[in-house]
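The residues making up each chain are set out below.
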Protein chains: 2
Amino acid sequence: VGEGPTTNRQWLLAARPFGIVKESDFDFRESPVPEVAEGTALVRNLYLAFDPAMRGWMEDRESYMPPVQIGEPMRGAGVGQVIESRCEGFEPGDFVQGMACWQEYSLASPSAGWNKVPDGMPLTLPLHLFGITGLTAYFGLTDIGQPKSGETVVVSGAAGATGSVAGQVARILGCRVIGIAGGAEKCAWVTGEARFDACIDYKSEDVGKRLGELCPDGIDVYFDNVGGETLEAVLDHIAQNARVVLCGGISGYNDEEPKPGPHNLMNLIVQRGRMQGFIVLDYFSRFGEAIAELAGWLGEGQLVAREDVQEGIENAPSTFLRLFAGQNTGKQLLKLADPPIG
Amino acid sequence: VGEGPTTNRQWLLAARPFGIVKESDFDFRESPVPEVAEGTALVRNLYLAFDPAMRGWMEDRESYMPPVQIGEPMRGAGVGQVIESRCEGFEPGDFVQGMACWQEYSLASPSAGWNKVPDGMPLTLPLHLFGITGLTAYFGLTDIGQPKSGETVVVSGAAGATGSVAGQVARILGCRVIGIAGGAEKCAWVTGEARFDACIDYKSEDVGKRLGELCPDGIDVYFDNVGGETLEAVLDHIAQNARVVLCGGISGYNDEEPKPGPHNLMNLIVQRGRMQGFIVLDYFSRFGEAIAELAGWLGEGQLVAREDVQEGIENAPSTFLRLFAGQNTGKQLLKLADPPIG
């Protein structure tokens, strides 16, 4: 393929982050485009997706995924188009999704978790609503939170990709939904577009006081994306038999020393509350059913999904950092290239 | 009843405790023995029972029970003997149990939650193994902890009345059981008499390090009686799908300011863990079935119940304080009088 691409621009993990992630934790490199080994396909990446959980993959500790090694391309999901294939089932021109990593070209194979984007699906939806983000919201809310119609559901990170879907699903299931987000613009989107019943601006309001006002009968389900002080404020206001869905704790991901937890865990005793974590990969066998339900709601206009699209592989680290500065509105994506005409 | 008792020695709540409970938070008083109103029976109290949760009843805040009011007799369970009755179902000579409060004589009635001690049952057993203590251990372990045979169960406060029963029930259900208790004597009792597989002495050992050694495959169920640093140490070692039973948090009950919670709640996400509180009164309809099962195990010699018996109504406050100093071994009781011959 003499006229094919020759240079693969990449970002490698350069250092384990200490405290706040910095651009200098990553190294930029121009590598040769990889050889297409038997059983793989060469993919030109079009969009990369960014998620707070990727902060955990940078650390050298056992978790639900192995850590990224120093000198390896930073791990991250993406969608791209097959430009050369020695892999059955992947043809040139196919759109595929998988662990693209922060680079322009990847080698894809079904055994490495890549699969085709269904025909006609907007290319970015597998990176959020129909991907790990939306599935995390769906299973965390429905399976762990188990909301019942008429209950009060609070969602932190409500303008984020996961929180906004969790809250909208709760609204669709008949719950009263209160969001917590940072800044007037985000809060306006949460109530206006995502149609939560209310949204607390943690940057300008006293979260605990507002929760007390907005949830006079207590909080039945809390979908927690942030941990920290917000979790503590919510625990002060839980209703009897409350369920706290531990989805993430972005407020602490960049701490040099772990912050202490909520001082009021004993409220879980008095209120017979349950606090539970989950990993969405455990629901793999039910992904199809969940995507079908989310797609139905999207088609009916009951669900909106928002994207924040930055551009250019050179901006991968700075785009990642937007998450921790609370700068993104909706799913954080990075566009690397336009798809060529089929 | 001219020759009946005339003086009722009592301890009243004198002050809401700030920080550590002190004897001066209670007032000693000699009152007249109460008139036996229609529908009540006069009971001479024989044993009072003490429980860490009573610390919470002294505070002026809403909870699962109303607070004790200043000037009221301090609330507490007891057993006694009916000496005069205007209440159907209670006859002079009957042994009864109920909220006796810290006093020599109480007015009892079924509508106030008093009931007869079954014939032949040792008088103190309704105050622990067959009372709230044993039922808390039983339902917390089985219903919230849901241990499976072969799993590893850790119990803090393992030499205490609740913890020792929780651990023994786990052992009976086929689990490997590790206790945590304070001091060599308590630990020896936990492994020797209660037959836990091991016991960590938190006063002389590094709890986190020992948990790592004793639970190489992680902790499946943690029955938490203490909260605080011990809870944090356990969370570092939970197995996948672990269940944390929040039963109590004695380590924090006397804090002037609430202590921060564990910094590692995020382990509940990675390990898909569940942390859940409960109130034993919610299981009221199943008390009979649980007592029958506990009685069966006691009769078979599979279960031991230990008592720490102090004496004299004048020692009620100092006996209560033994709980927070970790001085009691087994259920803390106070004997007020010997039962007369039937």
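Residues numbered from 1 in each chain as written. Chains lettered and ligands numbered in written order. Predicted model: local features only at pLDDT ≥ 70, side-chain atom pairs only at ≥ 80, totals over all residues. Heavy atoms only, no water.

Asker: Explain unusual backbone geometry to me, using residue names and the numbers behind them.
Answerer: Residues and elements named next belong to chain A. Even without glycine at this site, Arg-272 takes up a positive phi of about 55°. When you line up the elements, Arg-272 lands in the loop between helix 7 (267–270) and strand 13 (274–277). Classification of Arg-272 by relative accessible area gives buried; the value is 13%. (Helix = DSSP H or I, 4+ residues; strand = E, 2+ residues; numbered from the N terminus. Buried < 20%, exposed > 50% of the residue type's maximum accessible area, 1.4 Å probe, protein only.)

Asker: Can you break down the sheet that holds strand 9 (residues 176–181) of chain B residue by residue, with the values?
Answerer: Ordered by their spatial adjacency, 12 strands build an open sheet running 10(A)-9(A)-8(A)-11(A)-12(A)-13(A)-13(B)-12(B)-11(B)-8(B)-9(B)-10(B), and the pairing between neighbours is mixed. Each having just a single partner strand, strand 10 (198–201) of chain A together with strand 10 (198–201) of chain B make up the two edges of the open sheet. The average undirected angle you get between the axes of adjacent strands in this sheet is 15°. Across 3 bridges, the pairing between strand 8 (residues 152–156) of chain B and strand 11 (residues 219–224) of chain B is parallel. Each bridged residue has a counterpart across the sheet, and for Val-154 of chain B the counterpart in strand 11 of chain B is Tyr-222 of chain B. Against the sheet, helix 5 (residues 207–214) of chain A makes contact with strand 8 (152–156), strand 9 (176–181), strand 10 and strand 11 (219–224) of chain A, and its axis sits at roughly 160° relative to strand 10 of chain A, the strand it touches most. The sheet contacts of helix 2 (residues 132–145) of chain B involve strand 8, strand 11, strand 12 (238–246) and strand 13 (274–277) of chain B, and relative to strand 11 of chain B the element is tilted by about 145°. (Pairing = 2+ DSSP bridges. Axes fitted to C-alpha atoms, helices over the stretch in contact; angles between N-to-C directions. Contact = heavy atoms within 4.5 Å.)

Asker: So what's going on with the side chain of Arg-171 of chain A? Residues and values would help.
Answerer: Residues and elements named next belong to chain A. Its location among the elements puts Arg-171 in helix 3 (residues 161–172). One buried charged side chain, Arg-171, makes no salt bridge at all; its nearest oppositely charged neighbour is Asp-197, positioned 6.9 Å away. Other than its neighbours up to four places away in sequence, Arg-171 contacts Val-177, Ala-194, Arg-195 and Gln-302. (Lys, Arg positive; Asp, Glu negative; His and termini not counted. Salt bridge = Lys/Arg side-chain N within 4 Å of Asp/Glu carboxyl O.)

Asker: Would you mind going over the relation of the copies chain B and chain A in detail, with residue names and values included?
Answerer: Superposing chain B onto chain A takes a rotation of 180° plus a shift of 0.0 Å along the axis, which leaves an RMSD of 0.0 Å. Expressed as an axis order, the relation between the two copies is that of a two-fold axis. Relative to the rotation axis, the closest C-alpha in chain B is found at Gly-261 of chain B, a distance of 2.0 Å. (Least-squares fit on C-alpha atoms with pLDDT ≥ 70 in both.)

Asker: Requested: an account of the packing of aromatic side chains, with residues and values cited.
Answerer: All names here are of chain A. Taken as a whole and judged by the stated rule, the model has 24 aromatic pairs over all chains. Each ring, one from Phe-26 and one from Phe-320, has its centre 6.4 Å from the other, and the planes form 80°; the classification is edge-to-face. Of this pair, Phe-26 sits in strand 2 (residues 26–32) while Phe-320 sits in helix 9 (residues 316–324), and the two are 294 residues apart along the sequence. Taken as a pair, Phe-26 and Phe-320 share a single burial class, namely buried. Through a chain of ring-to-ring contacts, the aromatic side chains of Tyr-138, Phe-139, Tyr-283, Phe-284, Phe-287 and Trp-297 assemble into a single cluster. The cationic tip of Arg-75 hangs over the ring face of Trp-57; the distance from NZ or CZ to the ring centre is 5.2 Å. (Phe/Tyr/Trp six-rings, centres within 6.5 Å; stacked < 30°, edge-to-face > 60°. Lys NZ or Arg CZ within 6 Å of the ring centre and 35° of its normal.)

Asker: Outline the interface of chain B and chain A, supporting the account with residue identities and numerical values.
Answerer: Listed by partner, the interface residues are 27 residues for chain B and 27 residues for chain A. Buried area between chain B and chain A, both sides added, is near 2300 Å², and the carbon and sulfur share of it is 68%. Our count for the contact surface shared by chain B and chain A stands at 2 salt bridges. Linking Arg-272 of chain B and Asp-282 of chain A is a salt bridge whose minimum nitrogen-to-oxygen distance equals 2.6 Å. At the junction of chain B and chain A, the tally comes to 8 residue pairs in polar contact (both at pLDDT 80 or more). When residues of the side of chain B that touches chain A are traced back to their parent elements, those giving at least two are helix 7 (267–270) and strand 13 of chain B. Residue composition of the side of chain B that touches chain A, grouped by class: 15 nonpolar, 8 polar and 4 charged. Sheet topology places strand 13 of chain A next to strand 13 of chain B; 3 bridges connect them, and they run antiparallel. (Buried area = accessible area lost by both parts, 1.4 Å probe. Polar contact = N/O pair within 3.5 Å; in protein donor to acceptor, adjacent residues only side chain to side chain. Nonpolar A, V, L, I, M, F, W, Y, C, P; charged D, E, K, R; others polar.)

Asker: With reference to specific residues and values, describe the pattern of salt bridges.
Answerer: Residue and element names in this part refer to chain A. For the coordinates displayed, the defined rule picks out 36 salt bridges over all chains. Between Arg-243 and Glu-151 there is a salt bridge; the shortest N-O distance is 3.0 Å. Taken together, the residues Arg-243 in strand 12 (residues 238–246) and Glu-151 in the loop between helix 2 (132–145) and strand 8 connect sequence positions 92 residues apart. Side by side, Arg-243 and Glu-151 carry an identical accessibility label, which is buried. What emerges from the salt-bridge pattern is a single network uniting Glu-205, Lys-209, Arg-210 and Glu-213.

Asker: Run through the environment of Tyr-47 of chain A, naming residues and quoting values.
Answerer: Here Tyr-47 of chain A lies in strand 3 (residues 41–50). If near-sequence neighbours (up to four positions away) are discounted, Tyr-47 of chain A is found in contact with Ala-77, Gly-78, Val-79, Thr-124, Leu-127, Val-309, Leu-334 and Lys-335 of chain A.

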